[in-house]
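# A closer look at the structure
Read off the chains here:
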Amino acid sequence: MENSSYQIYEDKLILRTRYRLCDTVDELITSNLFLDLLGKYVNYLSRQHSRLLRVFVNEDKITTHELKCMQTTLQLLSKLPVSQVQKIVPEHQTFFTDLDLLDDFIEEFYNFWRRLQRLVVIDSVDDRLDKRPYRSFTETVEKLMNVVRTAQRDIRENVSGNHPRVYRQVSAGTNIAAITLPYRLPFSSEYSDLLNHILMTRQVLIYPPFIFNTPQNKRSGKFARVENNPLQGLHINPKEWLCYPAKVGELVILVYFTVQWFELGFSLANLFELAEDADLKRKPDAIYFYGIPVEGDHEPGVSETIFYEDNDNNILIGTVPFRKEYAYFGYLKKMILTLHNVKMMKMQRMPFHGAMFHLVLRNAGSACVLLIGDSGAGKSETLEALRGIIEDQVEDLVIIADDMGSIDILPDGRIVGYGTEIGAFVRLDDLQKDYAFGQIDRSIIMNPDQVNSRVVLPVTKFQSLIQGYDIDFVLYANNYDAVDSEHPAIEQFKNPDQAFEEFRSGAVMSKGTTTTIGLTHSYFANIFGPPEYRDLHDEIARKFFYAFFEKGIFVGEMRTQLGVSGSEFTGPENSARALLELLKNKNK
């Protein structure tokens, strides 16, 4: 592994290479990385007061010399049975006193390696490896995985003298790999020099399901507009940062993230399309720095999740500091969408927080539905329930937006909707079980053992986001009212003013996705940009609601009952059935 370097941050490992990592078991075991990880593994066992340390002479004081002896022993055990190794290194006899204990020590070392979050960065500075990504990934990541598995199996077989009867092909190499290139901004600014030294991601390889926990599992607060550029005076080490250029609908947003949060940064690959070379030749619409250095404690009452309008360069800037409280995917995703929403308002489009889909029913025509509501309102759950009940009635179902998008009025008067994301970031515990298990092998799963466990998974094609679909239904997701004889699952608003006020109030019963509790209100159920431009958004929204009614678009509310105790699963299914009946009657 002489052609590579590495960084270790607590339970994370970043391997960097330009050509190759390692080709043989010998090369792996004799590497500095192996010895370094062996030392960290022993320290971990020491903190656990583990019995496995009894393989050493003095379990309370293990020296560097003993670690190197263990390294040599494991190298020999990868080739020879334990009986021969004992003769070659008789001075290491302590290791062989209890072979079952040695076997357990080796297996737990393998598990220690696999518990690390592991990233390979393939630096394509001198060679456009991104032009042959499959070959590059095969020669590095796939080979590493095979070498690691071979080492573990050979060593344990030579210790035990037995061959396994069941082989499990687990992902033993890395969780994620990326091919990166140097990138120069296609415009000049006071911070160009800083950005030009950060490597740009061009290809990503993920081994799903990728499962990890984060220090935080909820998002709180808002993203506030500030008057001073947060990049002014920013000092970072470019080698500790990477960029994921995200296509957010029609926009290109450069997302820079610290490698210490790489598992969150590369989870974007399941959510936003990776920008192509042609996209990077134009000026980006926004720049976002996730995990900037910060000194001191968080000052109460002062927002640290901020964005700035750089009017000189006609670009938006967002930043979130490197604190454990922000180590949650929601801060990454929602800032990106905030920047998108601000840009849409500047273009006189109406941004929305909701789900949008186009459905073609067999013998019943087609319809495009926009379902607006806050986090936990039941938008995604209703859509997943709809998937389940229309299986034999649908010819086509296109997801246009799963969380955020925008509406535009075209010159010919058509009212069309656009999306932002190719994926979804949804609660695992609220997904329909058959759908969740059907997609598990493509998923990135976060905090599976906690409240608000989340999954990031692809749900649609990029072309569907930007095509522009004519809207037929605009519904507000009401998750707090129970359905009864006087409150149907879907109810139409009488006029644009009533609709405007109901949507503007943004009521929702909190589902534990943020730090809010109980029935809350947020401006248009969208705290991601519009509250910072309330006058502008009011003007745009009022124009659109009047246009909805003039065009004969159905505007109403859907009672999903997701926040009603006992109706968390039946509520979305009932609202999905009511919606299906509405869609069937549309063309009658």
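Located above this text is the structure these notes cover.
Below is a summary of the structure that appears in this document. Keep in mind the model is a prediction, meaning the values are calculated, not measured. (Residues numbered from 1 in each chain as written. Predicted model: local features only at pLDDT ≥ 70, side-chain atom pairs only at ≥ 80, totals over all residues. Heavy atoms only, no water.)

This part takes up the pairing of strand β5 (residues 199-206). Consecutive side chains of a regular strand alternate in pointing toward one face of the sheet and then the other. Across the eight residues that make up β5, a large majority, six, are buried. Of the strand pairs in this sheet, strand β4 (residues 176-181) and β5 are connected by six bridges, and their pairing is antiparallel. Pairing of Ile 179 across the sheet is with Gln 203, part of β5. One ladder, built from two bridges, connects β5 with strand β8 (residues 241-248); its direction is parallel. By the bridge assignment for β8, Leu 199 is matched with Leu 242. (Buried < 20%, exposed > 50% of the residue type's maximum accessible area, 1.4 Å probe, protein only. Helix = DSSP H or I, 4+ residues; strand = E, 2+ residues; numbered from the N terminus. Pairing = 2+ DSSP bridges.)

The next point concerns the pattern of salt bridges. Under the criterion given, the structure shown has 29 salt bridges. In this structure, Lys 222 and Glu 532 form a salt bridge, with 3.5 Å as the shortest nitrogen-oxygen distance. Here Glu 532 lies in the loop between β26 (519-521) and α14 (534-550) and Lys 222 lies in the loop between β6 (210-212) and β7 (224-225), a separation of 310 residues in the sequence. Taking the relative accessible area as the measure of exposure, Glu 532 reaches 18% and is therefore buried. Salt-bridge contacts for Glu 309 lead to Arg 225; the nearest nitrogen and oxygen are separated by 3.3 Å. Residue Glu 309 is located in strand β12 (residues 306-310), and its partner Arg 225 is located in strand β7; the two are separated by 84 residues in the primary sequence. A residue is classified by how much of its surface remains accessible, and Glu 309, at 16% relative accessible area, is buried. Among the ionic contacts, a cluster of salt bridges with common partners joins Lys 333, Lys 334, Asp 403 and Glu 421. (Salt bridge = Lys/Arg side-chain N within 4 Å of Asp/Glu carboxyl O.)

Now for helix α5 (residues 99-115). Relative to the 24 Å expected for 17 residues at 1.5 Å per residue, α5 spans 24 Å between its end C-alpha atoms, a close match to the ideal helical length. A distance of 3.1 Å separates the backbone nitrogen of Asp 100 from a side-chain oxygen at the start of α5, and that oxygen is part of Asp 98. (Expected span 1.5 Å × (residues − 1). Polar contact = N/O pair within 3.5 Å; in protein donor to acceptor, adjacent residues only side chain to side chain.)

The strand order across the open sheet built from four strands is β6-β20-β21-β19, with neighbouring strands paired in mixed fashion. Each edge of the open sheet is held by one strand with a lone partner, namely β6 and β19 (423-427). Taken over all neighbouring pairs, the strand axes of this sheet differ in orientation by 15° on average, direction set aside. Direction of pairing for strand β20 (residues 444-446) relative to strand β21 (residues 454-458): antiparallel, over a ladder of three bridges. Its bridge partner lying in β21, Ile 445 is registered against Val 455. (Axes fitted to C-alpha atoms, helices over the stretch in contact; angles between N-to-C directions.)

Let us now look at the packing of aromatic side chains. Counted according to the given criterion, the structure contains 29 aromatic pairs. Judged by centre distance (5.5 Å) and plane angle (50°), the rings of Tyr 41 and Phe 112 are tilted. Note that Tyr 41 is positioned in helix α2 (residues 32-47) and Phe 112 in helix α5, a separation of 71 residues in sequence. On the basis of an interplanar angle of 35° and a centroid distance of 6.4 Å, the ring pair of Phe 524 and Phe 545 is categorised as tilted. Here Phe 524, found in the loop between β26 and α14, pairs with Phe 545, found in helix α14; they are 21 residues apart in sequence, far enough to count as distant. With a relative accessible area of 4%, Phe 524 lands in the buried category. When its relative accessible area of 0% is taken as the criterion, Phe 545 is described as buried. (Phe/Tyr/Trp six-rings, centres within 6.5 Å; stacked < 30°, edge-to-face > 60°.)

To continue, consider the side chain of Asn 526. Along the chain, Asn 526 turns up in the loop between β26 and α14. We classify Asn 526 as buried; its relative accessible area is 1%. Looking at Asn 526, its side chain comes within polar contact range of the main-chain nitrogen of Phe 528, at 3.1 Å. The residues touching Asn 526, leaving out its near neighbours within four places in the chain, are Asn 341, Pro 351, Phe 352, His 353, Met 404 and Pro 531. (Contact = heavy atoms within 4.5 Å.)

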